[in-house]
Amino acid sequence: MNGTKRHERILERLNRDGKVDVAGLSEEFGISEVTIRRDLEHLAQAGVLRRTRGGAVSMMMLGEGLPYAMREIEVAETKQLLAAAVAKLVRSGEAVALDSGTTCVEIARVLVGTRLTVMPFSVQAIGALFGNSTINLITPGGSVRHDEGSIVGPLAEASLRSVRFDTAIISPCGASPEDGVMAHDLQDAAVKRAIIDASRRTILVADSSKFSRSAMAAVCPLESIDILVTDAAVPEQVVERLSAGGVQVVVV
(Lines give C-alpha, C1' and ligand atoms only; values in the text may rest on other atoms or scores of the structure.)
Protein backbone atom coordinates (compact mmCIF):
# COMPACT_ATOMS: atom_id res chain seq x y z
CA MET A 1 0.00 0.00 0.00
CA ASN A 2 1.54 3.32 -1.04
CA GLY A 3 1.67 6.43 1.15
CA THR A 4 -1.28 8.16 -0.50
CA LYS A 5 -3.52 5.15 0.04
CA ARG A 6 -2.40 4.83 3.66
CA HIS A 7 -3.17 8.50 4.32
CA GLU A 8 -6.59 8.02 2.79
CA ARG A 9 -7.30 5.00 5.01
CA ILE A 10 -6.08 6.85 8.11
CA LEU A 11 -8.41 9.75 7.28
CA GLU A 12 -11.28 7.28 6.99
CA ARG A 13 -10.52 5.94 10.48
CA LEU A 14 -10.29 9.46 11.90
CA ASN A 15 -13.61 10.43 10.33
CA ARG A 16 -15.24 7.30 11.73
CA ASP A 17 -13.67 6.96 15.18
CA GLY A 18 -12.11 10.32 15.96
CA LYS A 19 -8.79 8.66 16.88
CA VAL A 20 -6.28 6.06 15.69
CA ASP A 21 -3.44 4.14 17.34
CA VAL A 22 -0.05 3.28 15.86
CA ALA A 23 -0.08 -0.41 16.80
CA GLY A 24 -3.54 -1.00 15.35
CA LEU A 25 -2.73 0.74 12.06
CA SER A 26 0.57 -1.12 11.80
CA GLU A 27 -1.18 -4.46 12.17
CA GLU A 28 -4.02 -3.53 9.82
CA PHE A 29 -1.76 -2.23 7.05
CA GLY A 30 0.99 -4.82 7.54
CA ILE A 31 3.76 -2.21 7.79
CA SER A 32 6.14 -1.04 10.51
CA GLU A 33 5.14 1.28 13.33
CA VAL A 34 7.94 3.62 12.22
CA THR A 35 6.19 4.12 8.86
CA ILE A 36 2.84 4.72 10.57
CA ARG A 37 4.43 7.34 12.84
CA ARG A 38 5.80 9.14 9.75
CA ASP A 39 2.33 9.07 8.20
CA LEU A 40 0.79 10.54 11.33
CA GLU A 41 3.44 13.27 11.49
CA HIS A 42 2.67 14.19 7.87
CA LEU A 43 -1.06 14.43 8.60
CA ALA A 44 -0.36 16.39 11.80
CA GLN A 45 1.57 18.97 9.77
CA ALA A 46 -1.49 19.30 7.52
CA GLY A 47 -3.55 20.13 10.61
CA VAL A 48 -6.03 17.24 10.49
CA LEU A 49 -4.85 15.42 13.62
CA ARG A 50 -2.95 15.85 16.88
CA ARG A 51 -0.35 13.29 17.87
CA THR A 52 -0.90 11.53 21.19
CA ARG A 53 1.04 8.87 23.05
CA GLY A 54 0.80 5.81 20.82
CA GLY A 55 -1.53 7.35 18.25
CA ALA A 56 -3.44 10.46 17.22
CA VAL A 57 -6.81 12.17 17.58
CA SER A 58 -8.75 14.13 14.99
CA MET A 59 -8.45 17.93 15.02
CA MET A 60 -11.49 18.38 12.79
CA MET A 61 -14.67 19.90 14.19
CA LEU A 62 -17.91 18.05 13.53
CA GLY A 63 -18.96 18.91 9.98
CA GLU A 64 -15.68 20.68 9.18
CA GLY A 65 -14.03 20.03 5.85
CA LEU A 66 -10.56 18.56 5.38
CA PRO A 67 -7.76 20.87 4.18
CA TYR A 68 -7.43 21.01 0.39
CA ALA A 69 -4.19 18.99 0.32
CA MET A 70 -5.90 16.16 2.20
CA ARG A 71 -9.04 16.25 0.06
CA GLU A 72 -6.87 15.90 -3.04
CA ILE A 73 -5.65 12.47 -1.94
CA GLU A 74 -8.98 11.33 -0.47
CA VAL A 75 -10.56 8.56 -2.64
CA ALA A 76 -8.26 9.71 -5.47
CA GLU A 77 -8.88 6.64 -7.66
CA THR A 78 -12.65 7.02 -7.32
CA LYS A 79 -12.43 10.70 -8.28
CA GLN A 80 -10.63 9.73 -11.48
CA LEU A 81 -13.42 7.28 -12.37
CA LEU A 82 -16.08 9.89 -11.59
CA ALA A 83 -14.29 12.50 -13.68
CA ALA A 84 -14.16 10.17 -16.68
CA ALA A 85 -17.89 9.45 -16.34
CA VAL A 86 -18.76 13.15 -16.12
CA ALA A 87 -16.65 13.93 -19.19
CA LYS A 88 -18.76 11.48 -21.22
CA LEU A 89 -21.89 13.46 -20.28
CA VAL A 90 -20.48 16.75 -21.57
CA ARG A 91 -21.09 17.38 -25.25
CA SER A 92 -18.56 19.05 -27.54
CA GLY A 93 -19.29 22.76 -27.95
CA GLU A 94 -21.01 23.20 -24.57
CA ALA A 95 -20.50 26.05 -22.15
CA VAL A 96 -19.64 24.52 -18.77
CA ALA A 97 -19.25 25.92 -15.25
CA LEU A 98 -16.99 24.00 -12.86
CA ASP A 99 -17.26 24.61 -9.15
CA SER A 100 -14.29 24.57 -6.79
CA GLY A 101 -14.30 20.97 -5.50
CA THR A 102 -11.23 18.75 -5.85
CA THR A 103 -13.25 16.35 -8.01
CA CYS A 104 -13.94 19.23 -10.40
CA VAL A 105 -10.19 19.81 -10.73
CA GLU A 106 -9.87 16.19 -11.83
CA ILE A 107 -12.75 16.75 -14.27
CA ALA A 108 -10.94 19.79 -15.68
CA ARG A 109 -7.92 17.60 -16.42
CA VAL A 110 -10.12 15.06 -18.23
CA LEU A 111 -11.87 17.77 -20.28
CA VAL A 112 -8.58 18.94 -21.79
CA GLY A 113 -8.76 18.24 -25.53
CA THR A 114 -12.53 18.66 -25.79
CA ARG A 115 -13.93 21.71 -27.60
CA LEU A 116 -15.66 23.61 -24.80
CA THR A 117 -16.18 26.97 -23.17
CA VAL A 118 -15.38 26.58 -19.48
CA MET A 119 -15.60 28.91 -16.47
CA PRO A 120 -13.81 27.26 -13.51
CA PHE A 121 -14.19 28.49 -9.94
CA SER A 122 -10.82 27.39 -8.58
CA VAL A 123 -7.30 28.42 -9.49
CA GLN A 124 -6.34 24.73 -9.64
CA ALA A 125 -8.92 24.04 -12.38
CA ILE A 126 -7.88 27.21 -14.23
CA GLY A 127 -4.30 25.93 -14.16
CA ALA A 128 -5.38 22.53 -15.49
CA LEU A 129 -7.19 24.11 -18.45
CA PHE A 130 -4.86 27.00 -19.23
CA GLY A 131 -2.98 26.74 -22.51
CA ASN A 132 -5.24 24.13 -24.09
CA SER A 133 -6.17 25.20 -27.60
CA THR A 134 -9.59 23.50 -27.58
CA ILE A 135 -10.78 25.21 -24.39
CA ASN A 136 -12.28 28.69 -24.46
CA LEU A 137 -11.28 29.54 -20.90
CA ILE A 138 -13.31 32.24 -19.13
CA THR A 139 -12.18 33.32 -15.68
CA PRO A 140 -14.69 34.65 -13.15
CA GLY A 141 -14.21 37.67 -10.94
CA GLY A 142 -14.00 37.25 -7.20
CA SER A 143 -11.67 36.67 -4.28
CA VAL A 144 -9.42 33.62 -3.98
CA ARG A 145 -9.50 31.76 -0.66
CA HIS A 146 -5.79 31.37 0.02
CA ASP A 147 -6.11 27.98 1.75
CA GLU A 148 -8.43 26.48 -0.87
CA GLY A 149 -7.89 28.20 -4.20
CA SER A 150 -11.65 28.58 -4.62
CA ILE A 151 -13.03 31.77 -6.18
CA VAL A 152 -15.83 33.28 -4.11
CA GLY A 153 -17.49 36.53 -3.10
CA PRO A 154 -19.82 39.18 -4.60
CA LEU A 155 -17.75 39.62 -7.77
CA ALA A 156 -17.88 35.87 -8.47
CA GLU A 157 -21.66 35.85 -7.98
CA ALA A 158 -22.07 38.98 -10.12
CA SER A 159 -20.06 37.44 -12.97
CA LEU A 160 -22.57 34.59 -13.09
CA ARG A 161 -25.58 36.86 -13.51
CA SER A 162 -24.48 37.90 -17.01
CA VAL A 163 -23.82 34.42 -18.47
CA ARG A 164 -25.70 31.20 -19.21
CA PHE A 165 -24.19 27.72 -19.24
CA ASP A 166 -25.34 24.48 -20.79
CA THR A 167 -24.02 22.47 -17.84
CA ALA A 168 -23.10 23.15 -14.22
CA ILE A 169 -20.81 20.60 -12.59
CA ILE A 170 -21.07 20.69 -8.81
CA SER A 171 -18.98 18.75 -6.27
CA PRO A 172 -20.54 18.93 -2.78
CA CYS A 173 -18.99 18.68 0.68
CA GLY A 174 -21.95 16.62 1.82
CA ALA A 175 -25.33 15.47 0.53
CA SER A 176 -28.45 13.70 1.73
CA PRO A 177 -32.10 13.35 0.65
CA GLU A 178 -33.14 15.18 3.83
CA ASP A 179 -30.65 18.08 3.84
CA GLY A 180 -29.86 18.31 0.14
CA VAL A 181 -26.55 19.44 -1.34
CA MET A 182 -24.26 21.07 1.24
CA ALA A 183 -20.99 23.00 1.46
CA HIS A 184 -18.78 23.83 4.43
CA ASP A 185 -18.24 27.48 3.49
CA LEU A 186 -21.12 29.97 3.17
CA GLN A 187 -19.44 31.88 0.34
CA ASP A 188 -18.72 28.66 -1.54
CA ALA A 189 -22.37 27.63 -1.16
CA ALA A 190 -23.51 30.99 -2.56
CA VAL A 191 -21.31 30.56 -5.64
CA LYS A 192 -22.57 27.00 -6.14
CA ARG A 193 -26.18 28.27 -6.07
CA ALA A 194 -25.34 31.01 -8.56
CA ILE A 195 -23.68 28.48 -10.89
CA ILE A 196 -26.78 26.27 -10.77
CA ASP A 197 -29.10 29.25 -11.40
CA ALA A 198 -27.05 30.22 -14.47
CA SER A 199 -27.14 26.72 -16.02
CA ARG A 200 -29.66 24.69 -18.02
CA ARG A 201 -28.74 21.42 -16.33
CA THR A 202 -26.81 20.42 -13.22
CA ILE A 203 -24.52 17.44 -12.82
CA LEU A 204 -23.74 16.60 -9.19
CA VAL A 205 -20.57 14.53 -8.88
CA ALA A 206 -20.14 12.97 -5.45
CA ASP A 207 -18.33 9.89 -4.24
CA SER A 208 -20.42 7.72 -1.93
CA SER A 209 -18.71 9.00 1.24
CA LYS A 210 -20.33 12.42 0.70
CA PHE A 211 -23.71 10.86 1.55
CA SER A 212 -22.55 10.17 5.10
CA ARG A 213 -21.32 13.74 5.64
CA SER A 214 -23.03 16.92 6.69
CA ALA A 215 -22.05 20.57 6.29
CA MET A 216 -23.46 23.87 7.47
CA ALA A 217 -24.33 25.70 4.26
CA ALA A 218 -27.28 24.54 2.15
CA VAL A 219 -26.89 24.71 -1.63
CA CYS A 220 -30.03 23.12 -3.11
CA PRO A 221 -32.41 20.17 -2.65
CA LEU A 222 -30.93 16.92 -3.91
CA GLU A 223 -33.93 16.32 -6.18
CA SER A 224 -33.35 19.62 -8.01
CA ILE A 225 -30.25 18.32 -9.81
CA ASP A 226 -30.54 16.65 -13.20
CA ILE A 227 -27.80 13.99 -13.02
CA LEU A 228 -25.95 12.38 -10.12
CA VAL A 229 -22.59 10.74 -10.87
CA THR A 230 -21.38 8.56 -7.99
CA ASP A 231 -19.75 5.23 -7.18
CA ALA A 232 -21.18 1.81 -6.43
CA ALA A 233 -21.11 2.25 -2.63
CA VAL A 234 -23.78 4.97 -2.78
CA PRO A 235 -26.66 4.22 -0.35
CA GLU A 236 -29.43 2.36 -2.14
CA GLN A 237 -32.12 4.65 -0.72
CA VAL A 238 -30.43 7.65 -2.35
CA VAL A 239 -30.54 6.02 -5.77
CA GLU A 240 -34.16 4.93 -5.31
CA ARG A 241 -35.35 8.35 -4.16
CA LEU A 242 -33.57 10.28 -6.89
CA SER A 243 -34.58 7.87 -9.63
CA ALA A 244 -38.21 8.10 -8.49
CA GLY A 245 -37.93 11.89 -8.68
CA GLY A 246 -36.69 11.83 -12.27
CA VAL A 247 -32.99 12.36 -11.55
CA GLN A 248 -30.63 10.36 -13.76
CA VAL A 249 -28.18 8.39 -11.62
CA VAL A 250 -24.87 7.28 -13.15
CA VAL A 251 -22.95 4.76 -11.02
CA VAL A 252 -19.30 4.00 -11.87
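Anything mentioned here points back to the structure above.
All of the points below concern the structure found in this document. (Residues numbered from 1 in each chain as written. Predicted model: local features only at pLDDT ≥ 70, side-chain atom pairs only at ≥ 80, totals over all residues. Heavy atoms only, no water.)

Another point: the nonpolar core. One broad rule of soluble globular proteins: the nonpolar side chains tend to lie buried together. In terms of nonpolar packing, the biggest core is built from 37 residues, with F121, L160, I195, F211, L222 and L228 touching the most fellow members. Counting only elements with at least two residues in this core, the list comes to β4 (95–98), β8 (151–152), α8 (154–160), β9 (165–170), β11 (180–183), α9 (186–197), β13 (217–220) and α10 (236–244). A total of 5 residues in this core trace back to one element, the largest contributor, which is α9. Beyond its immediate sequence surroundings of up to four residues, L228 is in contact with L204, A206, F211, V238, L242, V247, Q248, V249 and V250. (Core = buried A, V, L, I, M, F, W, Y, C linked by side-chain atoms within 4.5 Å. Buried < 20%, exposed > 50% of the residue type's maximum accessible area, 1.4 Å probe, protein only. Helix = DSSP H or I, 4+ residues; strand = E, 2+ residues; numbered from the N terminus. Contact = heavy atoms within 4.5 Å.)

Let us now look at the packing of helix α1 (residues 3–17) against helix α3 (residues 33–45). Between α1 and α3, the least distance of the axes is 11 Å, while the angle of their chain directions is 70°. Here α3 runs roughly perpendicular to α1, going by the angle between their axes. The segment α1 lies against α3, with R6, H7, I10 and L11 engaging T35, D39, L40, H42 and L43. Of the residues belonging to the contact of α1 with α3, the class tally is 4 nonpolar, 3 polar and 2 charged. (Axes fitted to C-alpha atoms, helices over the stretch in contact; angles between N-to-C directions. Parallel < 35°, antiparallel > 145°, perpendicular 65-115°, else oblique. Nonpolar A, V, L, I, M, F, W, Y, C, P; charged D, E, K, R; others polar.)

Now for the sheet that holds strand β1 (residues 19–21). Pairing in this open sheet of 3 strands is antiparallel, and the strands run β1-β3-β2 from one edge to the other. The sheet terminates laterally at β1 and β2 (49–52), the two strands that pair on one side only. The average undirected angle you get between the axes of adjacent strands in this sheet is 20°. In this sheet, strand β3 (residues 55–58) lies alongside β2 in antiparallel orientation, the contact comprising 4 bridges. Pairing of T52 across the sheet is with G55, part of β3. Packed on one face of the sheet, helix α2 (residues 22–29) meets β1, β2 and β3 and runs near 70° to β1. In this fold α3 packs onto β1, β2 and β3, with an angle of close to 140° to the strand it touches most, β2. (Pairing = 2+ DSSP bridges.)

Our focus in this paragraph is α2. Taken together, the buried positions of α2 are occupied by V22, L25, S26 and F29. Projection of α2 onto a plane perpendicular to its axis shows the buried side chains occupying an angular sector of 100°, all on one side. Of the surrounding elements, those touching the buried residues of α2 are α1, β1, α3, β2 and β3. Where α2 begins, one side-chain oxygen reaches toward the backbone nitrogen of A23, 3.4 Å away; that side chain belongs to D21. Positioned one or two residues after α2, G30 has a phi angle of 70°, which is positive. (Arc of directions from axis to C-beta. Polar contact = N/O pair within 3.5 Å; in protein donor to acceptor, adjacent residues only side chain to side chain.)

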